[in-house]
Amino acid sequence: MSSDICVVIPALNASKTIGAVIGGALKYIPKVMVADDGSTDDTAAVASSAGAEVISIRSNKGKGNALKTLFHHAAACGYTAVISMDADGQHDPEEIPQFLAEYSRNPGCIIVGSRMQEKEKIPRARYNSMHIARFYVSLVANQFIEDTQCGYRLYPLEIVSGLKLVTGKYVTETELLMKAGDMGKQIRFIKIRTIYGEAGSHFRPITDVTLITSYVISYVHIKWLIEGVTSNNPNTYSPGNYLRDMISRYKIVDAFFQTLTAFSALPASIFYLIEYIILPPLVPNNFASVRKLGCGFARITLATQMLPVILVIAIIEKILGRFGFKVNMLDGFILKYYPHLW
Ligand SMILES: Nc1nc2c(ncn2[C@@H]2O[C@H](COP(=O)(O)OP(=O)(O)OP(=O)(O)O)[C@@H](O)[C@H]2O)c(=O)[nH]1
Ligand SMILES: [Mg+2]
């Protein structure tokens, strides 16, 4: 049993499933902490009687805030790493030893569970959005992360406490990977089971995907703004005076910036392509993170130009579906334009 690692579980109305998750985790890790976020069922009581320490957040503030609270508490209690798991039974505690084994082989790395190899078990629209997300999140993180949206992870707390996390809800886990990778930290992944069971989801496909997407786009903007005019600078994030975090200080400014960057993503990606082509005599090895990939910037610009096309194809598929024509143009299109470049 590992005594410097604890399990952390953000939970909202998960009384039916959380007991088994905690029981399973306690087989491998002696300490489990749960952040109950204003659940209206007896999640807190079930978690407590299953053997977890429960932190009660009175009114609901979202998964990201619960995770940040848990990271903080675990660090204050002297733990050096945490394994985060969902409360709804989608993460099998029997896989904890795999995280521990990977961590002992690679101490100091974040380890992320990946469900991407069991495509057929993931709802199609979710899989496609995960595939596109990983293309951009991996670009920002300067390394390939197979599943950027999985909450089953092992985090060394030294990395987490070195980041300034400014987002909330479901965006925080994506922000964390982008910033850690963009700071030069290594992120590894292990294959885990893909479980989509009976337990319902709090994830709102349109709202939460939009929130994640607009934060990622706004982050990419700043990263490339910096990389475009600096040499040999693949790691643009540093906590403290980071430009993107300064914008996040004011909610209204941040919302405006995210909207602006989302709507200007297509021309901006062409602007960055031009910078990539013409600036090297003045700024050698600008866009160092992209140059290292060896795929050229045009590939990335093309991917960005294709984002609205995806929306159009999805709408066409939906309309055809209504008339009884089952077509699937989207999967192949996404595979083609958002490839594994690493
Ligand atoms: N503390 C807290 N936990 C939350 C909140 N929203 C979700 N969670 C927990 O976060 C985990 C993942 O939430 P889900 O809604 O299942 O999201 P998901 O697993 O990404 O999405 P699905 O694949 O559709 O299930 C679960 O353990 C939830 O109980 C919240 O507002 N506060
Ligand atoms: Mg879930």
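Residues numbered from 1 in each chain as written. Chains lettered and ligands numbered in written order. Predicted model: local features only at pLDDT ≥ 70, side-chain atom pairs only at ≥ 80, totals over all residues.

Broken down by element type, the protein carries 15 helices and seven strands. The dimensions of the protein, computed from C-alpha atoms along their principal axes, are 65 × 55 × 40 Å. The buried share of the protein, taken over its 342 residues, is 41%. Long-range contacts, defined as pairs at least 24 residues apart, comprise 75% of the intrachain contacts of the protein with a sequence gap of at least 6. (Helix = DSSP H or I, 4+ residues; strand = E, 2+ residues; numbered from the N terminus. Buried ≥ 20, exposed ≤ 12 C-beta atoms within 10 Å, placed from the backbone. Contact = placed C-beta atoms within 7 Å.)

Before going further, it helps to examine helix α3 (residues 63–76). In a regular helix each residue adds 1.5 Å, so 14 residues correspond to 20 Å; α3 covers 20 Å between its end C-alpha atoms and thus fits that length. On its buried face, α3 sits against β1 (5–11), β2 (32–37), β3 (53–57), β4 (81–84), α6 (157–161) and α7 (172–182). Once α3 finishes, glycine 78 follows within two positions and takes phi at roughly 95 degrees, a positive value. (Expected span 1.5 Å × (residues − 1).)

Okay, the pairing of strand β6 (residues 153–156) next. Side chains of β6 alternate between two faces, with Arg153 and Tyr155 and Leu154 and Pro156 buried alike. Across four bridges, β4 lies against β6 in antiparallel orientation. Bridged to alanine 81 within β6 is proline 156. Pairing geometry for strand β5 (residues 110–114) and β6, over two bridges, is antiparallel. Counted as the bridge partner of valine 112 is arginine 153 from β6. (Pairing = 2+ DSSP bridges.)

Here we come to the site of ligand 1. Inspection of the region around ligand 1 gives 18 residues, with Asp37, Ala66, Ala87, Ser201 and His202 positioned closest. Going through the elements one at a time, β1, β2 and α3 are the ones with two or more residues in the shell around ligand 1. Grouping the constituent residues of the shell around ligand 1 by class yields eight nonpolar, six polar and four charged. (Near = placed C-beta within 6 Å. Nonpolar A, V, L, I, M, F, W, Y, C, P; charged D, E, K, R; others polar.)

We now examine the sheet that holds β2. The strand order across the open sheet built from seven strands is β3-β2-β1-β4-β6-β5-β7, with neighbouring strands paired in mixed fashion. Each edge of the open sheet carries a strand with a single partner, namely β3 and β7 (187–191). Strand-to-strand twist in this sheet, taken as the mean axis angle between neighbours without regard to direction, amounts to 25 degrees. (Axes fitted to C-alpha atoms, helices over the stretch in contact; angles between N-to-C directions.)

Positioned with a positive phi, asparagine 142 is a non-glycine residue whose angle comes to about 60 degrees. The phi dihedral of phenylalanine 287 falls on the positive side, at around 45 degrees, and the residue is not glycine. In this structure, phenylalanine 287 sits in the loop between α11 (265–278) and α12 (288–293).

Once that is clear, we can look at the pairing of β4. Covered by surrounding structure in β4 are Ala81 and Ile83 together with Val82 and Ser84, the residues of both alternating faces. With four bridges joining them, β1 and β4 adopt parallel strand pairing. Counterpart to cysteine 6 in the pairing with β4 is valine 82.

General note: in soluble globular proteins, nonpolar side chains tend to be found buried as a group. Core analysis: the largest hydrophobic core is formed by 81 residues, its most contacted members being Cys6, Ile9, Ile18, Val32 and Val82. Both of domain 1 (5–203) and domain 2 (208–305) provide at least three residues apiece to this core. (Core = buried A, V, L, I, M, F, W, Y, C linked by C-beta atoms within 7 Å. Domains from an automatic or database assignment.)

This part takes up the domain arrangement of the protein. Domain boundaries assigned for the protein yield domain 1 (5–203) and domain 2 (208–305). Between domain 1 and domain 2, the contact holds 24 residues from the first and 20 residues from the second. Looking at the side of domain 1 that touches domain 2, the elements with two or more residues in it are α5 (124–141) and α7. Among the residues making up the side of domain 1 that touches domain 2, the classes are represented as 13 nonpolar, six polar and five charged.

Mapped onto the secondary structure, leucine 139 falls in helix α5. Given 24 C-beta atoms within a 10 Å radius, leucine 139 is considered buried. With 81 residues separating them in the primary sequence, leucine 139 and valine 220 have C-alpha atoms 8.5 Å apart.

Right, let's talk about the environment of aspartate 86 for a bit. Structurally, aspartate 86 is set in the loop between β4 and α4 (96–105). Each C-alpha atom, one on aspartate 86 and one on glycine 321, is 33 Å from the other, the two residues being 235 residues apart in sequence. Those residues within four positions of aspartate 86 in sequence are excluded, and the remaining contacts are His91 and Gly151.

In an α-helix, one full turn covers 3.6 residues, which means residues spaced three or four apart are oriented alike. The terminal C-alpha atoms of helix α14 (residues 307–322), which comprises 16 residues, lie 23 Å apart, in line with the 22 Å expected from a rise of 1.5 Å per residue. Summarising burial for α14: zero of the 16 residues are buried, a small minority. A positive backbone phi angle near 90 degrees is found at glycine 324, which sits one or two residues after α14.

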